2 protein chains.
Amino acid sequence: MAKDQGTIPPAAASNQPSTTGHMVIQRISPQIDCGRYRAKAIAGDRVDVGADILRDGPDLLRAVIRYRGPGETKWSEAPMDPTENDRWEGWFRPSTVGPWRYCVEAWTDDFGTWRRDLSRKAVAGQKVDLELEEGALLIESRLDGMSAEAKTSAIAWATKLRAKTRKRPDPRVIAALDDDLLVLMNAHPDRTGSTTSDVLELTVERERARFGAWYEFFPRSSGTKTKHGTLKDSHKTLRYAADMGFDVVYLPPIHPIGTAFRKGKNNKLKAGPKDVGSPWAIGAAEGGHKDVHPDLGTIEDFDELVAEAERLGIEICLDFAIQCSPDHPWVTDHPEWFNHRPDGTIKYAENPPKKYQDIYPINFDTPDRQGLWDELKSIVDFWIGHGVKIFRVDNPHTKSFAFWEWMIDGVHREHPDVIFLAEAFTRPKVMQTLAKLGFTQSYTYFTWRNYKWEIEEYLTELTRTEMAHYFRPNFFANTPDILHEYLQAGGPPAFKIRLVLASMLSPTYGIYSGFELFENVPVKEGSEEYLNSEKFELRPRSVKGKPNLVPYITRINDVRKKHPALSELTNLHFHQTDKDAIIAFSKTSPGEAPILVVVNLNPWHWEEATVELDLDVLGLDPSDPFEVHDLITDTTFVWRGAWNYVRLDPQEEPAHIFRIGR
Amino acid sequence: MAKDQGTIPPAAASNQPSTTGHMVIQRISPQIDCGRYRAKAIAGDRVDVGADILRDGPDLLRAVIRYRGPGETKWSEAPMDPTENDRWEGWFRPSTVGPWRYCVEAWTDDFGTWRRDLSRKAVAGQKVDLELEEGALLIESRLDGMSAEAKTSAIAWATKLRAKTRKRPDPRVIAALDDDLLVLMNAHPDRTGSTTSDVLELTVERERARFGAWYEFFPRSSGTKTKHGTLKDSHKTLRYAADMGFDVVYLPPIHPIGTAFRKGKNNKLKAGPKDVGSPWAIGAAEGGHKDVHPDLGTIEDFDELVAEAERLGIEICLDFAIQCSPDHPWVTDHPEWFNHRPDGTIKYAENPPKKYQDIYPINFDTPDRQGLWDELKSIVDFWIGHGVKIFRVDNPHTKSFAFWEWMIDGVHREHPDVIFLAEAFTRPKVMQTLAKLGFTQSYTYFTWRNYKWEIEEYLTELTRTEMAHYFRPNFFANTPDILHEYLQAGGPPAFKIRLVLASMLSPTYGIYSGFELFENVPVKEGSEEYLNSEKFELRPRSVKGKPNLVPYITRINDVRKKHPALSELTNLHFHQTDKDAIIAFSKTSPGEAPILVVVNLNPWHWEEATVELDLDVLGLDPSDPFEVHDLITDTTFVWRGAWNYVRLDPQEEPAHIFRIGR
């Protein structure tokens, strides 16, 4: 706000956004919506900070980033340097997970300014005796803050600046411009009149928040067509996923399922007596969100599954779906947590004219908000207590924004390593808001981006706009709700293509089981729902003897783990090709071989194209030949210069994943 | 800042940038640096306000701008409407000068949401008895806030919604969806849970802040070569400027000039006994910033000049140059307001290795800051007391940012109609900061933008970026310091070209006297300084019998006054041409004939080009012919469609200023 000024502000008071005194510090980056929301980072990663820093007059400036980790009481500092147009940049590396703070401090560089002006005058042959005396006084003004050793050195410099001499070149000027004196004075700046920006916050998370391969499966399908799978049965699926190189398995809700208004196979309004119902209709006589479906087993079985996952080096992600079946214990214990209609009934979920009588939404604004919100958070805490550190949150956009911020903040205060994935497929700004409110990762529009132009446009938005600071995409190639037409129509090559795109474009990606078996039959034409959707029935699977993508997926996940460039998002760079069907992009990481991915987006036919590499981005010399080694087929080509030919037949390999050089 | 949340925030508390409860209001426009600075507007102009407004869930929203003028205690409201991607827009029209406030308030549209859902269910043939009862209850919940008449009407609607009926179509549904009911309910929204953004401020100024033609002249040149001109002599120059249609005359400093280190003709280090010195070396035995140079006359003469200006409908702008000659009374009365060197001398101005011994800069950080700042502000107040409402501020970037904000705020609190023009030619962000701190208008890079691409680029920055909200350009075609090479080399056609560009691109523009006489001789090759610069000597001028631009300027100023589109800045639109030498742009204003300007930027040779009009912008039909009437030559052409041929000979007319249509 523009201040209501009545008196003169102190010349160097800090008042952010800052422009009292002579200094302006503005447009600090990262900064989300004027600091209302936290930017995100990963422990051990570099955080780049920029700011417009300027002052009136001709004096030089110096600036630092100040930063502080969780629980730290002292600020650390990192230098900032001017780039162009009064923009300053620097970086720091948060070492631990949790909330970090950072700000920018800038001050007038009195010694640097004096040194610059002295040098100009000396070069012009002007008399500088008074200037040298000013310099000596400047040096002496810093003695108080100096060590004994520095003090001795400083006094010696001041003496040199005051020496009587007629020699030319003037030894006093030579001393004044000596780099050692500059280093000494830079180490002892006068920051009494410095300006400090407001403090911004940063959520620092563990590496899995940025990088991971996810596999979704329904534990109940780990049995047979007629025998409900159990958590014990799921151990083999867990090993199967771990063997493919996945880092996370995501399980749809494992809680008791309501019977009232239970949906039948293929979402039929009436369920048959053997129908298992949707796991998202949570709650029955057997319990609610803190209970395990009796057909899946017990909480002890769950603990065993978690222990097995730990042994395998894979993590279990649970679903957090805040809604109840009409049989949920809350319906009788806490009817006030639901919405009521004039006839006294509880309001079921609707998207008029669609009705979801099997699901009661929660009223987040209930007068017993504290009770409700505490209970909801205690669900997350309960499963954290059972070893779960990752939650996939169902439809968060239909629940209270304020609740999410409160809940995630609260959980993170005790467990900063917990990851929340927002399953919101809705309007862009709603999805962005959920990420700003604290969700670690977000589902995306990826499945609906299939043409080159729209893939490039979407990834440019994710990597080159402010979203890069707070929105971490998780590229699922399919989900139980989304079987895209491209997969329905494109056959096995389409599955390979989408897998390569998901896993190479985004450091975090996932598939829902069945993908590796090329499952591609929709419930009806024009629908993205699966036929015989696993949401409503058991779907045991076996890859044995069937065409499948298991080796390909295993290779892909291996390539991802071995090449650090693929664990990052914003290092993505698109390269031009002369065909709409051929997309090319690279990822680079300092000190690592660049990865170049070239994909034929046409699953039906071979395509050839010339790829125009941006050699600067890849660190390549235009005249030297270089090797490109295909990490899928283990073949090597020698390329030279920017323009190189590719031909990709989807029936063989629709994509090259090249390691460049070496 | 991300809040440190310990307890649940109330579901609908306002906390800006706002996202407690269900609502998010973000990215309000105009908003400068997160509200740190005020946007600018003109009394009577429309202020467009935009915001991202969204909430969780599927409910509909409504939103308003709330705004309040200076001294008003009640907020007014203007509606906002959604455009696309959760962006909402609306506008209000501040009626008076002074500081205005505005914010955005949004709330859930419970009736609209209910109506939408009812309609969908009714269309699908669903039973809606309960919904109608809910609607009736909703209507009844508003009775308290209603007038007797509205109440009667509301009760009647509720009764209709509850009527027993078997008729089809259902008369209850028809009533529920009736527009009259919608209007009634929209007029009585439930805003108890609304969310309001932070309040932003807006500096609202008079029309002259946006629109005006300026003429700069040195009063002391209104005499003869040997006789120092006086303020009395300046009456004729005032009439001359008024006759040409100028709105403002800007006078360089009119105060006593120091003799110590006075500069001679052409900036010679030593002045001769008759040399008049630079008016910017302010202060002598005869007085300082509140005094009139004795050779110019008396304060009474100045009052007479102001009175004459008022009669002529022209305004006088004074120069406010905060610096002193060594002879300024402050040097002895307030030595503590200056910077001192180790030998006790006062520090003169420098830009090493250049020295300006005739000028002492002020130390804005003096311990007697209150005394100094008050005295400086009192200078402005003094001249306001003598009828001056416009100040051109000399080199504000070399003075304290904090001072300017304090001073301009302080002056505007009593005199919101005072205009400050910042004469800063420096780095972009420093110039932007001065405008943000409160300067009404700013000098610009216009003189150094001569090619088509750079003119288009610069004007796009001024009109299409955030700068449009706070930075008002004043396009001087020349100044006593800037005689651009283009004018030096291009002869009279260059002067016409630059005049047309300045006056047509920017609603505020100016020339420094001599421009109309094509004065174009630099002090030396490669310099932008005038030979025999008026800064250091008397330069009486007469246009009589000499080639001059007076009729052309008069016509231009007349065209500007008669065509409201030319009094605005952001209505500028560039049209493509197929020649680099030909630039084309238009300005449009609702209900007014569009103005189209086509200029040959080559002062040496005729050029022809095809102009590709953006017909949509001009409101033209591609198939209908239309007239373009040249307001300079009073000739009319008939054009048709987007592509039209022009040929411009700089020896005749280098520019068309077309009024389109009619």
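Everything here concerns the structure above.
Nothing here was measured: the structure is a model prediction, and the numbers come from that model.

Quick notes on the rules
Residues numbered from 1 in each chain as written. Chains lettered and ligands numbered in written order. Predicted model: local features only at pLDDT ≥ 70, side-chain atom pairs only at ≥ 80, totals over all residues. Heavy atoms only, no water. Helix = DSSP H or I, 4+ residues; strand = E, 2+ residues; numbered from the N terminus. Contact = heavy atoms within 4.5 Å. Areas by Shrake-Rupley, 256 points an atom, 1.4 Å probe, with all protein chains shown as cover. Lys, Arg positive; Asp, Glu negative; His and termini not counted. Charge placed at Lys NZ, Arg CZ, Asp CG, Glu CD. Least-squares fit on C-alpha atoms with pLDDT ≥ 70 in both. Pairing = 2+ DSSP bridges. Axes fitted to C-alpha atoms, helices over the stretch in contact; angles between N-to-C directions. Salt bridge = Lys/Arg side-chain N within 4 Å of Asp/Glu carboxyl O. Buried area = accessible area lost by both parts, 1.4 Å probe. Polar contact = N/O pair within 3.5 Å; in protein donor to acceptor, adjacent residues only side chain to side chain. Buried < 20%, exposed > 50% of the residue type's maximum accessible area, 1.4 Å probe, protein only. Right-handed = clockwise from strand over helix to strand, strands pointing away. Parallel < 35°, antiparallel > 145°, perpendicular 65-115°, else oblique. Left-handed = near helix turned anticlockwise from the far one by under 90°. Disulfide = S-S within 2.5 Å. Patch = residues over 30% accessible without salt bridge, like charges linked within 9 Å, V, L, I, M, F, W, Y side chains within 5 Å. Phe/Tyr/Trp six-rings, centres within 6.5 Å; stacked < 30°, edge-to-face > 60°. Lys NZ or Arg CZ within 6 Å of the ring centre and 35° of its normal.

## Thoughts on the overall build of chain A
Across its full length, chain A carries 15 helices and 29 strands. When its C-alpha atoms are laid out on the principal axes, chain A stretches across 105 × 65 × 45 Å. Within chain A, residue pairs in contact and separated by at least 24 positions form 74% of the contacts whose partners lie at least 6 positions apart. When the accessible surface of chain A is summed, it comes to about 26,400 Å², and 51% of that surface belongs to carbon and sulfur atoms. Positive and negative side-chain charges in chain A, numbering 81 and 98 respectively, have mean positions lying 0 Å apart.

## As for the relation of the copies chain A and chain B
Aligned on chain B, chain A shows an RMSD of 0.1 Å; the corresponding rotation is 180° and the shift along the axis is 0.0 Å. Look at the turn and shift together and you get a two-fold axis relating the two. Closest approach to the rotation axis within chain A is made by the C-alpha atom of Cys 34 of chain A, at a distance of 2.9 Å. When you check the interface residues of chain A against chain B, 100% turn up at the interface there too, and the contact is symmetric in its surfaces.

## Observations regarding the sheet that holds strand β26 (residues 643–648) of chain B
Residue and element names in this part refer to chain B. Here eight strands make up an open sheet; going across it, the order is β25-β24-β27-β22-β21-β20-β23-β26 and the pairing antiparallel. Across the chains shown, the open sheet's two edge strands, defined by having one partner strand only, are β25 (635–640) and β26. The sheet shows a mean angle of 35° between the axes of neighbouring strands, taken without regard to direction. Relative to strand β22 (residues 595–600), strand β21 (residues 582–587) is paired through six bridges, and the arrangement is antiparallel.

## Description of the pattern of salt bridges
Oppositely charged side chains can pair when the atoms bearing their charge come close. As enumerated under the stated definition, the model contains 113 salt bridges over all chains in all. Note that Asp 247 of chain A and Arg 208 of chain A form a salt bridge whose closest N and O atoms lie 4.0 Å from each other. With Asp 247 of chain A in the loop between α6 (234–243) and β11 (248–251) and Arg 208 of chain A in the loop between β9 (200–205) and β10 (212–216), this residue pair connects regions lying 39 residues apart in the sequence. Here Glu 315 of chain B and Arg 208 of chain B are joined by a salt bridge, their closest N and O atoms 3.9 Å apart. One end of the pair, Glu 315 of chain B, is in strand β12 (residues 315–320); the other, Arg 208 of chain B, is in the loop between β9 (200–205) and β10 (212–216), with 107 residues separating them in the sequence. Ionic contacts of the salt-bridge type, sharing partners, join the residues Arg 27, Asp 52 and Arg 87 of chain A together with Asp 33, Lys 429, Lys 436 and Glu 466 of chain B into one network.

## Some remarks on the sheet that holds strand β15 (residues 390–394) of chain B
Residues and elements named next belong to chain B. Pairing is parallel in the open sheet, where eight strands are placed in the order β17-β16-β15-β12-β11-β10-β19-β18. Edge positions in the sheet fall to β17 (441–442) and β18 (475–476), since each has one partner strand and no second. Examined bridge by bridge, β10 and strand β19 (residues 508–512) share five bridges and lie parallel to one another. What sits directly across from Tyr 215, in β19, is Ile 511.

## Description of unusual backbone geometry
Residue and element names in this part refer to chain A. Residues Arg 168 and Pro 169 are joined by a peptide bond in cis, for which omega reads 0°. With respect to the helices and strands, Pro 169 occurs in the loop between α3 (148–162) and α4 (171–176). Non-glycine residue Arg 27 carries a positive phi angle of around 50°. Tracing the sequence through the fold places Arg 27 in strand β1 (residues 23–29).

## Looking at the interface of chain A and chain B
Accessible area lost during the coming together of the parts is what is often quoted as the interface size. The interface of chain A with chain B comprises 77 residues on the first partner and 77 residues on the second. Of the roughly 7,000 Å² buried between chain A and chain B, counting both surfaces, carbon and sulfur atoms make up 50%. Inspection of the region where chain A meets chain B yields 15 salt bridges. Here Arg 27 of chain A ties to Asp 33 of chain B by a salt bridge, and the two come within 3.4 Å at their closest N and O atoms. In this assembly, chain A and chain B are joined by 24 residue pairs in polar contact (both at pLDDT 80 or more).

## Re the pairing of strand β12 (residues 315–320) of chain A
All names here are of chain A. When you tally the buried positions in β12, you get six out of six residues, the bulk of the element. Burial of β12 is two-sided: the residues Glu 315, Cys 317 and Asp 319 facing one way and the residues Ile 316, Leu 318 and Phe 320 facing the other way are all buried. Bridging between β11 and β12 involves four bridges; their strand directions are parallel. Bridge pairing in β12 links Leu 251 to Leu 318. Where the polypeptide runs from β11 across helix α7 (residues 299–312) and back to β12, its parallel neighbour, the crossover connection is right-handed. One ladder, built from four bridges, connects β12 with strand β17 (residues 390–394); its direction is parallel.

## Points about the packing of helix α6 (residues 234–243) of chain B against helix α7 (residues 299–312) of chain B
Between two packed helices, what matters for the description is the angle formed by their axes and the separation of those axes. Residue and element names in this part refer to chain B. Contact pair α6 / α7: the axes reach a minimum separation of 10 Å and the direction vectors enclose 20°. Taken together, the axis directions place α6 and α7 in an arrangement best described as roughly parallel. Crossing geometry of α6 relative to α7 is assigned as right-handed. Across the interface between the two elements, Ser 234, His 235, Leu 238, Arg 239 and Ala 242 of α6 pack against Glu 304, Leu 305, Glu 308, Ala 309 and Leu 312 of α7.

## Observations regarding the pairing of β26 of chain B
All names here are of chain B. Only one face of β26 is covered, namely the one carrying Asn 644, Val 646 and Leu 648; the face carrying Trp 643, Tyr 645 and Arg 647 has none of its residues buried. For strand β23 (residues 607–612) and β26, the ladder comprises six bridges, and the chain directions are antiparallel. Bridged to Glu 608 within β26 is Arg 647.

## Here we look at the state of the cysteines
Residue and element names in this part refer to chain B. Evaluation of the coordinates by the stated rule reveals one disulfide over all chains. Take Cys 324: it sits in no disulfide, and the sulfur closest to it among the cysteines is that of Cys 317, at 20 Å. We classify Cys 324 as buried; its relative accessible area is 0%.

## Some points on a positive patch on the surface
Residues and elements named next belong to chain A. Taken together, the side chains of Lys 225, Lys 265, Lys 268 and Lys 274 present a region of like positive charge at the surface. Along the chain, Lys 265 falls in the loop between β11 and α7. Take Lys 265: its relative accessible area is 39%, and that puts it in the partly exposed class.

## Comments concerning a nonpolar patch on the surface
Taken together, the side chains of Val 521, Val 523 and Leu 531 of chain A present a nonpolar region at the surface, about 200 Å² in accessible area. Within the secondary structure, Val 523 of chain A is located in the loop between β21 (508–512) and α14 (550–562).

## What to know about the packing of aromatic side chains
Summed over all chains, the structure comprises 71 aromatic pairs over all chains. Look at Phe 425 of chain A and Trp 448 of chain A: their rings are 5.5 Å apart centre to centre, the planes differ by 85°, and that puts the pair in the edge-to-face class. Of this pair, Phe 425 of chain A sits in the loop between β18 (419–423) and α11 (428–437) while Trp 448 of chain A sits in the loop between β19 (441–442) and α12 (452–464), placing them 23 residues apart in sequence. Their ring planes at 75° and their centres at 5.9 Å tell us that Tyr 215 of chain B and Tyr 240 of chain B sit as a pair that is edge-to-face. Here Tyr 215 of chain B, found in strand β10, pairs with Tyr 240 of chain B, found in helix α6; they are 25 residues apart in sequence, far enough to count as distant. You can call Tyr 215 of chain B buried: its relative accessible area is 2%. Sitting over the ring of Tyr 458 of chain A, Arg 449 of chain A keeps its end group 5.2 Å from the ring centre. Positioned above the aromatic ring of Trp 606 of chain B, the side-chain terminus of Arg 647 of chain B is 4.0 Å from the ring centre.

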